[in-house]
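Structural overview
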Amino acid sequence: MSGETTITIIGNLTDDPKLNYTQNGVGVAGFTIASSARAYDKSVEQWKDGEVLFMRCSAWRDLGDHVAESLTKGTRVIASGRLRQRTYETGDGDHRTVMEMTVDEIGPSLRFATAKPQKATRTGSNGHAGGAPADPWASAAPMGDKPSFRTGLSDEPPF
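Small disclaimer: the values here were computed from a predicted structure and weren't measured. (Residues numbered from 1 in each chain as written. Predicted model: local features only at pLDDT ≥ 70, side-chain atom pairs only at ≥ 80, totals over all residues. Heavy atoms only, no water.)

**Observations regarding the nonpolar core**
Core analysis: the largest hydrophobic core is formed by 15 residues, its most contacted members being F31, I33, C57, V67, M101, V103 and I106. Elements supplying a minimum of two residues to this core: β1 (6-13), β3 (27-41), β4 (46-60), β5 (76-89) and β6 (95-108). Excluding residues that lie within four positions of it along the chain, I106 makes contacts with F31, L63, V67, L71, V77, I78 and A79. (Core = buried A, V, L, I, M, F, W, Y, C linked by side-chain atoms within 4.5 Å. Buried < 20%, exposed > 50% of the residue type's maximum accessible area, 1.4 Å probe, protein only. Helix = DSSP H or I, 4+ residues; strand = E, 2+ residues; numbered from the N terminus. Contact = heavy atoms within 4.5 Å.)

Listed below in structure tokens is the structure:
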């Protein structure tokens, strides 16, 4: 959406993602990413950690399912999403404001690790209730096949 604050954060998960469901059956994974800057201190010839930012995150629908299934505590991730401000009232009547991130994309960082991505299968025609339509590019056919064999469409350009 226009005007939304988008950010990318690189850090480690502080705990395993927790998958919950709304009353309508929509899945949402909640997790926290800890990110800290590191700087090399030449005077002592050592790396020093800066202040740690703890960013509370949520991933919805299929993305939330995939996060809960794929990522665990300590995993270094790169996440991109929309920054949200939320205000709530505590049990004592105090008003609090928190910044949270609604994740649009997330994956493991490959700087110090490896990963073997695997295409996820959809649970239904549209994933979860109220979810996006089925992925038109998803196919069980090997990648070596021509598109016309996988989708029934011509290889010819549309013009």
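Structure shown, so let's carry the discussion forward.
**Remarks on the side chain of S35**
Relative to the helices and strands, S35 is located in strand β3. Given the relative accessible area of 18%, S35 is considered buried. Those residues in contact with S35 that lie beyond four places of it in its chain are I9, I10, G11, E51, V52 and L53.

**Some words on the environment of S70**
Mapped onto the secondary structure, S70 falls in helix α1 (residues 61-70). The exposure class assigned to S70 is exposed, which follows from its relative accessible area of 55%. Placed 53 residues apart in sequence, S70 and P17 show a C-alpha to C-alpha distance of 9.3 Å.

**Here's the deal with the pattern of salt bridges**
A full pass over the atoms with the stated rule returns six salt bridges. We note a salt bridge from E4 to R84, for which the minimum N-O separation is 2.7 Å. Linking E4 in the segment before β1 with R84 in strand β5, this pair joins segments that are 80 residues apart in sequence. By relative accessible area, E4 is classed as partly exposed at 22%. (Salt bridge = Lys/Arg side-chain N within 4 Å of Asp/Glu carboxyl O.)

Bear in mind that shape data such as this cannot, by itself, settle questions of function.
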